[in-house]
Amino acid sequence: MSESIVEKIKKQSNHLRGTLKESLLDEHTGAIRESDRALIKFHGMYMQDDRDRREERAEKKLERLYSYMIRLRLPGGLLTAQQWIALHEVTNAYTTGTIKITTRQTIQLHGILKHHIKPTIKNFDTVKLDSIAACGDVNRNVIAGAHPRYSPIHEEVFAYAGNISRMLLPKTNAYYEIWLDKEKITPELEKDELYEDRYFPRKFKVGIAIPPYNDVDVFTNDVALIAIIEKNKLTGFNIAAGGGMGMTHGNASTYPRLASMLGFVKKDDLLETVYAIATVQRDFGNREDRKLARLKYTIDKLGVEGFRKETEKRSGIIFSEGKKYVFTKRQDEYSWHQNHEGLFYYTAFVETGRVYDGENVQFKKAFYEVAKTGKAQFRFTCNQNIIISDILPENKNEIENILQKFGVIAITESASPVRRNAIACVALNTCPLALAESQRYLPALISKIELILKKYQLENEELSVRMTGCPNGCGRSVAAEIGFVGTALGKYNMHIGADAIGKRLNKLYKENLEEPAILDELDVLLKDFSTNRNENEPFGDYVLRKQIV
Ligand code: SRM
Ligand code: SF4
């Protein structure tokens, strides 16, 4: 087999420039050239079209309604008040109007027309926000435990997210030249020892968890870092590698996988070790078949031991045995909490991560008003929620009144545990890979699941239900107690039996179910669970014990 087409595009791209400038100037189409579609991802954008309108446009012999999705690079998921104001204004000016909080602690905006990309990026740049490497075969947004209340070492860990993100940024100046009209820099400054001219074989993801919380679902990352705290101090990190959720229906050589433990390194050795892991993947990853190119396959090819040795050889740092830690929780801590310095935090429930103004709740108005006070910051969680954060005690009432006024508190406090724990990927109408609905459908399905839970007195159960519109796993549904994976419009594979804290994947239970069958299956399973579970036994563990899958 020879190198994949994307490998050629990367190498010939003159450090990710391609013909993007020319594509942007072409006023005859809303699209960009074929090869630029792969390159624009490295700048944090995707060319998409409105799939709801494909037929209508085709009938009228019109080009598809092309637009662009932009994803911000936001290591650790923090936005200042000033940045939120800019985000709000950009959203209103150039996009569909909805801010989508992603499962990797950042946001996406959809529906940006080609001639609005530059103004969008320029606006972000004025508040020091960028979308560099938010997509493409590079290191993606580095995620870290979101809630500052979780631990006094939160700030220190948060800083590591930023440092890893910066260390693994491509050196090219292309983003600044193409989108911000900046001058060319000398080629020597662009020399990229990490990415060379070939970048990684595939996307690369790093996550950091702060035990006892695993809100980042750390083992689903290519590189999973677990902060080790000894005598109240951060001493280092357990490092696991090779997580990834994606698979392809009908292709048995693809599979989801949780990261395997490599061992512990001291905190001063973390960056060199992560860098070494990245270079092993760069050099050993599959560049012929993109479906088998993620780090998980490289590790399975080399073996965990072989991979560990290669990493140690490159970094000069020897892993010691992984240290003990405990995860107790993966879901967000809603409502008000205070951290060790007395600052207040309100975690708001944002169903499927969509920040918009609806009938019952006006998220956008609320968060904009909060931002205008300048008295709070915004932190995204990997469960697609938002923490209104870092509020001084004297400002708490003012922020609370705003959240109250626009319905944010009511929606957060009244949602059931199963609804608050649920995650859905974007899917239709923008995702080109979607086989079925996800974020537009899951809320309605949850309402029906709530009725079944109530019937069996399980309404307070912290069940995790996740849905994806295809097997790529963006909503991490194969790591849910109950996961739905789209196979065709209205049809889902049902997976059950993962644990509730992110250390065990689920297994396929039934294939191609439509809604009535989904509800019937759940009725039987949950009835059985309510009568035969052990005390406090989570659903996923019950499924395992009873060997249902
Ligand atoms: Fe994802 C591709 C949305 C998190 C695995 N993902 C896509 C694309 C860009 C479709 C495409 O390639 O054209 C989707 C854009 C939809 C749209 O219209 O906006 C998309 N992925 C998302 C988001 C927005 C889902 C969400 O609703 O939150 C998440 C954005 C994360 C971010 O901010 O960076 C998102 N994607 C994930 C995750 C979860 C995670 O990282 O924790 C996964 C599973 C973990 C993993 O990487 O294995 C994930 N996305 C994929 C894959 C499968 C990759 C694989 O190697 O198996 C694809 C398809 C691909 O890369 O070919 C994909
Ligand atoms: Fe699209 Fe599939 Fe990802 Fe959902 S899981 S956003 S359908 S690629």
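Quick note: structure is the one above.
Thresholds applied
Residues numbered from 1 in each chain as written. Chains lettered and ligands numbered in written order. Predicted model: local features only at pLDDT ≥ 70, side-chain atom pairs only at ≥ 80, totals over all residues. Heavy atoms only, no water. Pairing = 2+ DSSP bridges. Helix = DSSP H or I, 4+ residues; strand = E, 2+ residues; numbered from the N terminus. Donors = N, O, S within 2.8 Å, 3.2 Å for Na, K, Ca; no water. Salt bridge = Lys/Arg side-chain N within 4 Å of Asp/Glu carboxyl O. Buried < 20%, exposed > 50% of the residue type's maximum accessible area, 1.4 Å probe, protein only.

Caption draft 1: Focus on the sheet that holds strand E4 (residues 99-101). Strand order in the open sheet made by the five strands is E1-E2-E5-E4-E13, with antiparallel pairing throughout. With partners counted over all chains shown, the strands left at the sheet margins are strand E1 (45-49) and strand E13 (354-355), one partner each. As judged from the two bridges shared by E4 and E13, these two strands associate in the antiparallel manner. In the strand pairing of E13, Lys100 is matched with Arg354.

Caption draft 2: Up close: the coordination of the iron atom of ligand 1. There is one protein donor for the iron atom of ligand 1, and it is Cys474 (SG), at 2.3 Å. Secondary-structure assignment places Cys474 in the loop between strand E17 (465-468) and strand E18 (482-488).

Caption draft 3: Region of interest: the pattern of salt bridges. As enumerated under the stated definition, the model contains 47 salt bridges in all. Put simply, Arg440 and Asp52 hold a salt bridge, and the shortest N to O gap is 2.8 Å. With Arg440 in the loop between strand E16 (423-424) and helix H17 (442-455) and Asp52 in the loop between E1 and helix H4 (54-59), this residue pair connects regions lying 388 residues apart in the sequence. According to the relative accessible area criterion, Arg440 is partly exposed, its value standing at 35%. On the accessibility criterion, Asp52 (48% relative accessible area) is partly exposed. A salt bridge links Lys375 to Glu398; its shortest N-O distance comes to 2.7 Å. With Lys375 in the loop between helix H13 (363-373) and strand E14 (377-380) and Glu398 in helix H14 (residues 396-405), this residue pair connects regions lying 23 residues apart in the sequence. Under the relative-accessibility criterion, Lys375 is labelled partly exposed at 30%. The structure contains a network of salt bridges with shared partners spanning Glu196, Arg198, Arg282, Asp283, Glu310, Lys313 and Arg314.

None of this, on its own, says anything about what the molecule does.
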